[in-house]
Amino acid sequence: MTTDETTSTTTTTATTAGTAAGLGVAHGAWDADENGWFGDFGGRWIPEALVAALEELTVAWTEAMADEAFRSELDQVGREYAGLPSPLYEARALSEKAGVRVLLKREDLLHTGAHKIRNVLGQALLTKRMGKKRVIAETGAGQHGVASATAAAFFGLDCTVYMGAVDTRRQALNVARMRLLGAEVVPVESGSATLKDAINEAMRDWVASVDETAYLFGTAAGPHPFPSLVQSFTRGIGDEARAQCLERYGRLPHAVAACVGGGSNAIGLFTAFLDDPDVAVWGYEAGGDGVDTDRHAATIVGGGAGVLHGSRTMILADSDGQTVESHSISAGLDYPGVGPQHAHLAATGRAHYEAVTDTEAMDALALLARSEGIIPAIESAHAIAGALKLGPRLAAEHGPDALLLVNLSGRGDKDMVTATRWFGLDPEAATTDPVGDPDTDPRG
Amino acid sequence: MSAVTTGRTMADAFATAHAEDRAVLLGFLPAGFPDVETSVRAMTAMVEAGVDAIEVGLPYTDPVLDGPVIQAAAQQALDGGCRTAEVLQIVQEVAATGAPTLVMTYWNPVLAHGVERFADGLVAGGGAGLITPDLTPDHGADWIAAADERGLDKVFLVAPSSTDARVATTAQACRGFVYAAAVMGVTGARTTTSSLAGPLVARTRAATDTPVGVGLGVSNGDQAAEVASYADAVIVGSAFVRCLLDAPDTESGLAALRDTAADLAEGVRRRA
Ligand SMILES: Cc1ncc(COP(=O)(O)O)c(C=O)c1O
């Protein structure tokens, strides 16, 4: 089977379905089947105790997405509270460097500073609709935790955020933000005391509290329906950008690009373009010190198939199936798994994935700051670095007028401690701390 | 054609217990905890003190269904280098006691090892089969086929939140026994047994003739007797792990383990 065939034969139906069922849960060629499978990836590899809750969530979400009242309330909150739609900005200086016209989708301008707000507002509104009063969330750097605490404050829900103890120490500011917003932050000491262990602990909470509690999962990964559910709330990124691009340029971009941690911002951008066979789709994973070292978080480029956190997907594990710790300067990308839809898009060749090293990402961050006056999140800087590699290839194929749409998933305020150390911006730190020392580096 | 297991399976344990009109006592310890050698000694001591069958836990980096006690033990085992090869070796040594010996494992280590290869390893060591806390029959086709070919026990879990329909399909997929996870929550000793257990066992019995074991939370003979009054097997994990975790040295840990095992073994014979 060639992917192109599948894509082109299903384009019409999928697009029609997208508009008619624009009001329901999407069922395009690239979406999961009813059991949550994207080809060979996805599913529900979880304790039986959680099956009922995931079923309940699947039904509630499907009904909500078909309910005009739910969707218009979510739309309104998105517009009035979160700042949607985010602007599309043609970055002229960056375009010059990349050799093509680079369009930045400005998710950094949204409330709480990243695309994550789209996901949590959707999930929190769904929680209210289900009559639950408490939400739990996991967080790495604290971005999803802050977004969850924000949505909980907005909708009047109790909120508990699990965060690896290593991360609570590194991210004291975000811990303070979550507490100020009224959330309880629980440091997780088990395992490697980072994001994957925070997810384990949130799942343990959920097994015991599932009647009154909703788990706001932070990315498009985990057991069905989370990958599809999170996609349904972040796909506005691509839907908006596609319309903005068509309106302004009268044509689709030649390529779209995003960073990939768990995959929520990337799938949010990609979804609108998957049925456009002429749009190339590129995801950039965290290459850490390099995919040829054992210090990276590039699960698709440098990992293998396996089961982690409820889903069959690409993961970092040793030959005994024990999860291996990931490494990235960006906490938001520092996860040894990835959403199953990305694993499927990679396996079919519909999307391409490459790794960007810490150094390449930080160079791109500095470049964007100086040339455009935008300090991106380090996660997003991976997408910028990717665009700088992709641009010349696109230019060679399509000329300098080619359009490259890049998701700027978040802003870099949260990353200033890391940037300060990396670039030696604080004279004292620069002399006493080797820049970028992996063991002391306070990740994004 | 694959070899069929010659090791004892859970059917043997239930036959003995049935003849004595009592419940089966199934005891869990993580492999390699506190180290490989001591874990074999500990499981052997449990059998000698009256535990009918052993669940050998395969230590895993991301044990989402385990509470702090078993997490800590599994971490210690991993830090000590206990991997799949060691686990299969331990199974062989424990099965040599004559007690049916199951492996309790999260699924990714089995996938990574190869489902067929794992099943062959169990057969070679005289293991009874697998208990799979994060694998439901929905995703278990490979394992079910491998177990059926070899006559291995395949134990899936039912939970208080399971619908009757799921209880039925899960129970029908089991051989050996059906594992009724009696509380909504992770593993760990609790001071009272769960009120959710009785109804769950009754719902499971309505769906199958396969024996039903109850786990999660039992820590003493009185609780064991209470559970034995309505279940075919009483499953104990954290309470055994605690004995070794809390002990100042190995010998006193093993002594505590024997006392706990004897207390529980007396409980499953009382059927309060
Ligand atoms: C700004 C930003 N971009 C990207 C990510 C990565 O997550 P995902 O791959 O789910 O978009 C994060 C996660 O914290 C983030 O904060």
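Residues numbered from 1 in each chain as written. Chains lettered and ligands numbered in written order. Predicted model: local features only at pLDDT ≥ 70, side-chain atom pairs only at ≥ 80, totals over all residues. Heavy atoms only, no water.

### Some remarks on the site of the ligand
Residue and element names in this part refer to chain A. Applied cut-off: Here a residue is near a molecule or strand as soon as one of its heavy atoms is found within 4 Å of it. The definition of a polar contact used here is a pair of N or O atoms within 3.5 Å, where within protein one atom must be able to donate a hydrogen and the other to accept one, and adjacent residues in sequence count solely through side-chain atom pairs. Accessibility throughout is a Shrake-Rupley quantity obtained with a 1.4 Å probe, and a residue counts as covered only by protein chains that appear here. We count a stretch as a helix when DSSP gives it H or I for four or more residues in a row; a strand needs E for two or more, and each element gets its number in order from the N terminus.
Thr219, Gly261, Gly263, Ser264 and Ser409 are the nearest of the 18 residues found near the ligand. Taking Ser264, its side chain carries an N or O atom lying 2.7 Å from an oxygen atom of the ligand. In the model, a nitrogen atom of the ligand is placed 2.7 Å from a nitrogen or oxygen of the Ser409 side chain. For the ligand, whose unbound accessible area comes to 390 Å², protein coverage reaches 97%. Where the shell around the ligand is concerned, the elements lending two or more residues are β9 (255-260) and α12 (264-270).

### Here we look at the domain arrangement of chain A
Residue and element names in this part refer to chain A. So the rule is basically this: A domain assignment, automatic or from a database, supplies the domain bounds used here. Simply put, the buried area is the total loss of 1.4 Å probe accessible area from both parts when two parts are fitted together. For this document, the term salt bridge refers to a Lys or Arg side-chain nitrogen within 4 Å of an Asp or Glu carboxyl oxygen.
Per the domain assignment, the segments of chain A are domain 1 (44-82 + 117-231) and domain 2 (88-112 + 235-414). A separation of 23 Å is found between the C-alpha centroids of domain 1 and domain 2. Buried area between domain 1 and domain 2, both sides added, is near 2,400 Å², and the carbon and sulfur share of it is 60%. Considering only the surface of domain 1 that becomes buried against domain 2, Trp45, Arg118 and Gln231 emerge as the three largest contributors, covering 30% of it. The tally of links from domain 1 across to domain 2 stands at two salt bridges.

### Comments concerning the pairing of strand β10 (residues 280-288) of chain A
Residue and element names in this part refer to chain A. What counts here: When a residue's accessible area, from a 1.4 Å probe over protein chains only, is under 20% of the maximum for its type it is buried; when over 50% it is exposed; and in between it is partly exposed. Any two strands between which DSSP finds at least two bridges are classified as paired. With strands facing away from the observer, any crossover in which the path from the first strand over the helix to the second runs clockwise is taken as right-handed.
Burial runs high along β10: eight of the nine residues are buried. Relative to β10, β9 runs parallel, the two sharing six bridges. Across the sheet, the residue bridging to Ala255 is Ala280, located in β10. Chirality of the crossover, the property in question, places the unit of β9, α12 and β10 among those that are right-handed. For β10 and strand β13 (residues 351-357), the ladder comprises seven bridges, and the chain directions are parallel. Residue Val281 lies in a different strand from β13, and its bridge partner there is Ala351.

### Quick notes on the interface of chain B and chain A
The criterion, for reference: Any two residues whose heavy atoms approach within 4.5 Å are treated as being in contact.
The interface of chain B with chain A comprises 34 residues on the first partner and 33 residues on the second. At the boundary of chain B with chain A, total buried surface from both sides reaches about 2,600 Å², with 53% on carbon and sulfur atoms. Area buried by chain B at its contact with chain A is led by Asp62, Val64 and His139 of chain B, which between them contribute 23% of it. Where chain B packs against chain A, one counts three salt bridges. Here chain B and chain A share 17 residue pairs in polar contact (both at pLDDT 80 or more) between them. Elements supplying a minimum of two residues to the side of chain B that touches chain A: α3 (68-79), α5 (107-113), β6 (157-158) and α8 (164-173) of chain B. In terms of residues, the side of chain B that touches chain A owes the most to one element, α5 of chain B, which gives five residues.

### Let's talk about the nonpolar core
Generally speaking, nonpolar side chains in soluble globular proteins are found buried as a group. Keep this limit in mind: Residues grouped as a nonpolar core are buried Ala, Val, Leu, Ile, Met, Phe, Trp, Tyr and Cys residues, joined through side-chain atoms within 4.5 Å.
Judged by nonpolar contacts, the single largest core of 193 residues is most densely connected at Phe270 of chain A together with Trp143 and Phe177 of chain B. With eight residues, the single largest contributor to this core is helix α2 (residues 51-65) of chain A. Split by domain, the residues of this core number at least three in each of domain 1 (44-82 + 117-231) and domain 2 (88-112 + 235-414) of chain A. If sequence neighbours within four positions are ignored, Phe177 of chain B has contacts with Met10, Phe14, Leu26, Leu102, Ile131, Lys154, Val155, Thr210, Pro211, Gly213 and Ile235 of chain B. Among the nonpolar cores identified, the runner-up in size contains 36 residues, and Val102, Ala385, Ala387 and Trp422 of chain A belong to it.

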